[in-house]
Amino acid sequence: MKTILIIGAASAIAQETARIFARDNFHFYLVDLSLERLKIIVDDLKVFGAGEVYYNEMDANHFDKHDQILKDALNKLGQIDYVLIAYGTLANHEEIINDPEQIAREFSTNATSVILLTSLISNYFEKINKGTLAVISSVAGDRGRKSNYIYGSAKGAVSIFLQGLRNRFGKSNVKIITIKPGLVDTPMTAHLKKNFLFTSAETIAKGIYNAMMKGKDVVYLPFYWKCIMTIIKLIPERVFKRMNL
Amino acid sequence: MIELNNYLSWGRYPKYYPKNVLHMSWRNEKPNLQNLDSTVLPYAFGKSYGDSCLNKDGYLVDIKRLNHFIEFDQINGTLKCEAGVTLDKILKLIIPYNYFLPVTPGTKHISIAGAIANDVHGKNHHINGTIGCYVQEFELLRSNGEVLTCNEKINSDLFKATIGGLGLTGIITTAKIKLKNIPGIFIDAEFIKFDNLDEFFAINYESEQKFEYTVAWVDASFPFGCNPRGIYIRGNHTAYKETKKLQHKELKIPFPFELKLMNNFTTSLLNSIYYNKQIFREEKKIIHYNKFFYPLDGINNWNFAYGKNGFIQYQIVIPIEDGAFVIKDIMKIIHQSNKKSFMTVLKTFGDKKSPGLMSFPRKGITLAIDFPMDGKETLEMLNRLDSIVREVGGGHYPAKDSRMNPMDFKRFYPQWEYFSKFIDEKFSSSFWRRVSK
Ligand SMILES: Cc1cc2nc3c(=O)[nH]c(=O)nc-3n(C[C@H](O)[C@H](O)[C@H](O)COP(=O)(O)OP(=O)(O)OC[C@H]3O[C@@H](n4cnc5c(N)ncnc54)[C@H](O)[C@@H]3O)c2cc1C
Ligand SMILES: NC(=O)c1ccc[n+]([C@@H]2O[C@H](COP(=O)([O-])OP(=O)(O)OC[C@H]3O[C@@H](n4cnc5c(N)ncnc54)[C@H](OP(=O)(O)O)[C@@H]3O)[C@@H](O)[C@H]2O)c1
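One structure accompanies this document, and this report is about it. (Residues numbered from 1 in each chain as written. Chains lettered and ligands numbered in written order. Predicted model: local features only at pLDDT ≥ 70, side-chain atom pairs only at ≥ 80, totals over all residues. Heavy atoms only, no water.)

### Quick notes on the layout of surface pockets
The space that makes up the second largest pocket amounts to roughly 200 Å³. Split by residue class, the lining of the second largest pocket holds 2 nonpolar, 7 polar and 5 charged. (1 Å grid on protein atoms, 1.4 Å probe; cavity = no way out; pocket = protein on both sides within 12 Å on 5 of 7 lines; lining within 4 Å. Points joined across faces, edges and corners; volume = space filled by probe spheres on them. Nonpolar A, V, L, I, M, F, W, Y, C, P; charged D, E, K, R; others polar.)

### Notes on the nonpolar core
The biggest cluster of nonpolar side chains holds 134 residues, and the ones touching the most others in it are A:F28, A:L30 and B:I90. In this structure A:L30 touches A:I6, A:A9, A:L38, A:I41, A:V42, A:L45, A:V53, A:Y54, A:Y55 and A:N56, once residues within four positions along its chain are discounted. B:I192, B:I369, B:M373 and B:V392 belong to the second-largest nonpolar core, a separate cluster that totals 32 residues. (Core = buried A, V, L, I, M, F, W, Y, C linked by side-chain atoms within 4.5 Å. Buried < 20%, exposed > 50% of the residue type's maximum accessible area, 1.4 Å probe, protein only. Contact = heavy atoms within 4.5 Å.)

### Topic: unusual backbone geometry
Here the amide bond leading from A:L221 into A:P222 is cis, since omega sits at -15 degrees, within 30 degrees of zero. Along the chain, A:P222 falls in the loop between β9 (218-221) and α8 (224-234). With phi around 60 degrees, A:N25 is a residue other than glycine that occupies positive phi space. In this structure A:N25 comes out as partly exposed when scored by relative accessible area, which is 37%. Residues other than glycine seldom take positive phi values, yet B:D119 does so here, at roughly 40 degrees. Locating B:D119 in the fold gives a position in the loop between α2 (112-117) and α3 (125-128). On the basis of relative accessible area, B:D119 is assigned to the buried category, the value being 0%. (Helix = DSSP H or I, 4+ residues; strand = E, 2+ residues; numbered from the N terminus.)

### Notes on the site of ligand 2
All names here are of chain A. Surveying the vicinity of ligand 2 reveals 29 residues, the closest of which are D59, A60, Y151, V184 and T186. Within the backbone of A86, one N or O atom sits 3.4 Å away from an oxygen atom of ligand 2. Burial of ligand 2 by the protein chains amounts to 88% of its free accessible area of 900 Å². The set of elements that each furnish at least two residues to the shell around ligand 2 consists of α1 (12-23) and α6 (149-168). Looking at the shell around ligand 2, its residues break down into 15 nonpolar, 10 polar and 4 charged. (Near = heavy atom within 4 Å. Polar contact = N/O pair within 3.5 Å; in protein donor to acceptor, adjacent residues only side chain to side chain. Areas by Shrake-Rupley, 256 points an atom, 1.4 Å probe, with all protein chains shown as cover.)

### Concerning the interface of chain B and chain A
Opposite the 24 residues of chain B that make contact, chain A presents 24 residues. When chain B packs against chain A, the two sides together hide about 2,100 Å² of surface, and 53% of this comes from carbon and sulfur. Along the contact surface separating chain B from chain A lie 6 salt bridges. In this structure, A:E202 engages B:K89 in a salt bridge whose closest nitrogen and oxygen atoms are separated by 3.7 Å. Inspection of the chain B/chain A interface yields 11 residue pairs in polar contact (both at pLDDT 80 or more). Contributing elements (two or more residues each) for the side of chain B that touches chain A: β4 (69-73) and α1 (87-94) of chain B. Here the side of chain B that touches chain A gets 4 residues from one element, more than from any other, and that element is β4(B). (Buried area = accessible area lost by both parts, 1.4 Å probe. Salt bridge = Lys/Arg side-chain N within 4 Å of Asp/Glu carboxyl O.)

### Some thoughts on the site of ligand 1
Residues and elements named next belong to chain B. Inspection of the region around ligand 1 gives 34 residues, with P42, S48, S111, I172 and Y397 positioned closest. Here an oxygen atom of ligand 1 sits 2.8 Å away from a polar atom, N or O, in the main chain of K47. Here an oxygen atom of ligand 1 sits 2.8 Å away from a polar atom, N or O, in the main chain of G114. Every element with two or more residues in the shell around ligand 1 is listed here: β2 (40-43), α2 and β9 (171-178). Considering only residue class, the shell around ligand 1 consists of 21 nonpolar, 11 polar and 2 charged.

### Focus: the pattern of salt bridges
Residues and elements named next belong to chain B. Under the defined criterion, the tally for this structure stands at 41 salt bridges over all chains. R12 is the salt-bridge partner of E258, the closest N and O atoms lying 2.6 Å from each other. Residue E258 is located in the loop between β14 (253-254) and α6 (264-276), and its partner R12 is located in the segment before β1 (20-23); the two are separated by 246 residues in the primary sequence. E258 sits in the partly exposed class, given a relative accessible area of 29%. R12 gets classed as buried once you look at its relative accessible area, which sits at 12%. We note a salt bridge from R142 to D424, for which the minimum N-O separation is 3.7 Å.

What follows is the structure, encoded as structure tokens:
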């Protein structure tokens, strides 16, 4: 039976993705901040057909716990076939732009901790010479904008880091996948007015599952964000810097 | 800060905004309601048309993310899940095991808690009654932090008050329902044109004996519409197996903006297209359940087509023996007022009793009509319709209502005072303040 480790398993997007893996009777190791929340998810995944579901709490910013979690997951699951890193935070940009501590924290959550975890996990995959690691980055990491360049630059760092890893493993059986969702209707975006640009977590989850099954490289979800971001990236900086996006 | 525009109702009228929105996303993390400086009301998907899911200047508790399944007993056909799980998610889970919802309304994008709170009905009411008949148990969070298990035996009064209780008795956190066995995902459906109400009643009489699902679409804009034509729709589940031809791709066309497309001209046109796209008087086909039950779900946010001012659905139930002449009178007034309606639906209710104390359906015929909200003109016409409905002892459906007067409410729901004993002291809604005045 196949196994998957999900870090940030209580995120809306990860929960929907896990349900699809559960239909394939995967065994799970779920990680997030709260054990109580994870317990609720365990029942849910069982209903969808999950095999064994193990879970553990971890604050990804406690870097010294990363190794321990990976070891425990390996211990419980025997082998890890798939990994999804899905946690993240979107702080109120205006409130934190002048708060060094908060900026550092945002960067740690959305970039540094993710980079450390992916290094660790990819080393494990290298050792067994297989495995699929998907990380949720964001379209926000494709170009810096005044409304969210802290979150955006952290996601951008993750995307570039993953690009490097993918290159390192390009000739092996280890798959490194960058997921770039557009606007998704989740708790993270509860403060935004919903319009037709928003997609459900369920739809994004299908895209993530497909990308992981097919071992894709970079996927924009839904696909049309690739066109949107291509156009946004084409705008000359001279013009872009005056725009309100 | 929460974006309050995400918290209107389906009709987008009235535009009542809450003071703030709390979230309850995990069943073990209870929001603190006791110390709030105003009243609260649970809010799910806002698919109620009027103000029964709104709480102007008070708090809403968004329970959409209370969306986890808890237990699916495939042998006994029962499902336990959290309050915000949608009918859509339930169907996707249970259909592969040949189960279906015992009752479903015309959209599947609503929560199970919302379905209970309005004790919703579907095309099978004449046989199966309302969803309340299939609720075995739920847990109810009260504002003092207590979580009460409610069923026919334990807290049974609160159980009955909460079914159809309009969200006023507390927050349902989990619910357990009985499912229904089906032979397959297809419906053996028949579509029969009728030229007038007498024909409708004749077809209806015959259909109710033989079909589990019945409903009629009425062309309320046809020039001689006082005695309207329409299409009678009836069907049964069938064991027919999936073939290439019958594969169903679910449409999801987004309607991006509030843009008023629905006016007298487009409405008449749409009605005429709908009526005439069926060439033969009778058509039989085997269709996917989505097509049969949820034709409107193909377009996301179709309510935006009524523009900024929104629309009103007027849904009433009247005694069957008065049906023909009351509906004719209603149609007459609509024509005199030069209002057109696209979604006009007729269906007879049966006499299966729901445990719900405040449930809307009762034996008779129900009529639902959509009108663009054009201000005073629309409201005045609806007042005229009320007087006809009142005369025959009919009543309105709170889930669709934004304007019925308190007298009519109290007349049709005389149990309202007894019911109010079960309302949680912290809970209220714009609807309740309006009708209990
Ligand atoms: C296209 C369409 C077709 C429809 N067809 C039908 C039909 O055929 N038959 C029918 O009966 N109805 C029908 N309806 C109405 C709809 O089924 C009801 O209004 C339903 O209650 C909406 O559910 P919701 O999840 O959107 O809840 P909301 O509209 O958000 O809330 C509905 C009520 O439930 C309460 N509530 C929400 N969550 C909870 C909770 N956790 N605990 C306690 N109370 C709660 C709210 O306070 C409110 O009073 C239709 C609506 C649409 C848009
Ligand atoms: N929503 C969007 O529009 C969107 C768009 C593009 C990309 N994304 C990305 O998609 C991913 C999933 O987002 P979502 O929208 O599903 O968000 P979400 O539901 O808000 O989930 C975020 C999850 O991350 C957890 N988390 C936060 N800090 C953590 C930490 N230090 N250690 C461990 N877990 C932590 C949160 O736990 P708590 O709730 O307990 O804090 C929560 O479970 C994120 O990486 C996000 O950046 C989202």
